[in-house]
Amino acid sequence: MKKKFTLSEKINHYISVLVHSFTWQTLILSLINWDSYLINAQEVLQYFAVSVVITLLMAITDIFALKRSLPVIILTDLLDIAVVVFGLGGGVFKWFDFNLETILPIIGIIVIIYFIIFGLMMFQMKKDSDHINKKIKERISKENNNE
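Residues take numbers from 1 onward in each chain, read along the sequence in its written order. Residue-level local features of this predicted model are given only where pLDDT is at least 70; pairs of side-chain atoms are given and counted only at 80 or more, and the full residue set underlies all totals for whole chains, interfaces and linings. Computation of side-chain values: all heavy atoms of the structure, hydrogens and water removed.

> I'm lost on the packing of aromatic side chains in this one. Help?
Aromatic rings in a pair are described by how distant their centres are and how their planes are angled relative to each other. Here a pair means two rings of Phe, Tyr or Trp (six-membered ring of Trp) with centres within 6.5 Å. Their orientation is stacked below 30 degrees between planes, edge-to-face above 60, and tilted elsewhere. Per the stated rule, a full pass over the model turns up nine aromatic pairs. Ring centres of Phe86 and Phe96 lie 5.6 Å apart, and the angle between their planes is 85°; this geometry places the pair in the edge-to-face category. Taken together, the residues span a long stretch of sequence, with Phe86 in helix 3 (residues 70–92) and Phe96 in the loop between helix 3 and helix 4 (100–146) at a distance of 10 residues. The class of Phe86 is buried, set by a relative accessible area of 16%. Taken together through their ring pairs, the aromatic side chains of Tyr47, Phe93 and Trp95 make up a single cluster. Strands here are runs of E lasting at least two residues and helices are runs of H or I lasting at least four, both read from the DSSP assignment and numbered beginning at the N terminus. Exposure categories follow from relative accessible area, calculated using a 1.4 Å probe and restricted to protein chains: below 20% of the type maximum is buried, above 50% is exposed, and the middle band is partly exposed.

Written out as structure tokens, the structure is:
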């Protein structure tokens, strides 16, 4: 049976997605553009806008999606990200030209950033789960000792 998340847990999840997305996007794009001029405030705000729109689109997709398997979730998330990066980043902010030489590396960057964030989120969820299980075991042990 699939666990239903509370509104608070969903909000925390998407805030975490936003923070990780913005951080890793900024870091990787800074490293890629290492030899060019320093990153400016306008670019940072654009990165943040892209991260916000990605997070909102993922939340909307999640709300309207029926039961999905993990591969479908990953594919849907990657499509959400690609739509925003190519539409907002490439179309509106003019981060890149739309040609094969730029699109393929961008797809690679999208996949890399996604799986970094996915891994970090899974690690955090495992850590939270272990903490919850520890508390449950302590409570059960305490109840058994009181009998």
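> Whenever I open this one, the environment of Thr23 confuses me. Can you help?
Looking at the secondary structure, you find Thr23 in helix 1 (residues 7–32). A relative accessible area of 42% places Thr23 in the partly exposed class. Sequence separation between Thr23 and Tyr47 is 24 residues, and the spatial gap between their C-alpha atoms is 9.1 Å. A polar side-chain atom of Thr23 sits 2.7 Å from the main-chain carbonyl oxygen of Val19. Under this definition, polar contacts are N or O atom pairs within 3.5 Å; protein pairs additionally need one hydrogen-donor-capable and one acceptor-capable atom, and for neighbouring residues in sequence, both atoms have to be side-chain atoms.

> I would appreciate a short explanation of unusual backbone geometry in the present structure.
For residues other than glycine, phi is negative in most cases, and the peptide bonds are mostly trans. Residues other than glycine seldom take positive phi values, yet Lys94 does so here, at roughly 55°. If you trace the backbone, Lys94 turns up in the loop between helix 3 and helix 4.

> Whenever I open this one, the packing of helix 3 against helix 4 confuses me. Can you help?
It is the contact of helix 3 with helix 4, at a shortest axis distance of 10 Å, that shows an interaxial angle of 130°. Judged by the inter-axis angle, helix 3 sits oblique to helix 4. Here helix 3 runs over helix 4; the crossing is right-handed. Residue-level contacts link Leu70, Ile73, Ile74, Asp77, Leu78, Ile81, Ala82, Val85 and Phe86 of helix 3 to Ile103, Ile106, Ile107, Ile110, Val111, Tyr114, Phe115 and Phe118 of helix 4. The nonpolar class holds Ala, Val, Leu, Ile, Met, Phe, Trp, Tyr, Cys and Pro. Asp, Glu, Lys and Arg form the charged class, and all remaining residues, Gly among them, are polar. Partitioning the contact of helix 3 with helix 4 into residue classes produces 16 nonpolar, no polar and one charged. An axis is simply a line fitted to the C-alpha atoms; with a helix, the fit covers only the stretch in contact. Between two such axes, the angle follows the N-to-C directions and lies from 0 to 180 degrees. Roughly parallel refers to an angle under 35 degrees, roughly antiparallel to one over 145, roughly perpendicular to one between 65 and 115, and oblique to any angle outside these ranges. Crossing handedness is defined as follows: a turn of the near helix away from the far one that is anticlockwise and smaller than a right angle gives a left-handed crossing, while the clockwise case is right-handed. We call two residues in contact when some of their heavy atoms are within 4.5 Å.

> How do you make sense of the environment of Asp80 when you look at a structure like this?
For Asp80, the location among the structural elements is in helix 3. Looking at Asp80, the relative accessible area reads 8%, which means it is buried. If we skip the residues at most four places from it in the chain, Asp80 touches Leu57, Met58 and Thr61.

> Teacher, can you tell me more about the nonpolar core here?
As a rule of thumb, soluble globular proteins bury nonpolar side chains together. Counting residues in each nonpolar core, the largest one holds 22 residues, and the members touching the most others are Ile54, Val85 and Ile110. Elements with a contribution of two residues or more to this core: helix 1, helix 2 (41–64), helix 3 and helix 4. A per-element tally of this core places helix 3 first, with eight residues. Non-local contacts of Val85, meaning those with residues more than four positions away in its chain, are made with Val50, Ile54, Gly90, Phe96, Ile106 and Ile110. Nonpolar core, defined: a set of buried Ala, Val, Leu, Ile, Met, Phe, Trp, Tyr and Cys residues in which side-chain atoms within 4.5 Å join the residues together.

> Sorry if this is basic, but what is going on with helix 4 here?
Helical geometry: 3.6 residues make up each α-helical turn, so side chains three or four residues apart lie on a common side. Taking 1.5 Å per residue as the helical rise, helix 4 with its 47 residues ought to reach 69 Å, and the 68 Å between its terminal C-alpha atoms agrees with that figure. Those residues of helix 4 that sit buried are Ile106, Ile110, Ile113, Tyr114, Ile117 and Met121. Elements in contact with the buried residues of helix 4: helix 1, helix 2 and helix 3. Take the number of residues in a helix, subtract one, and multiply by 1.5 Å to get its expected span.

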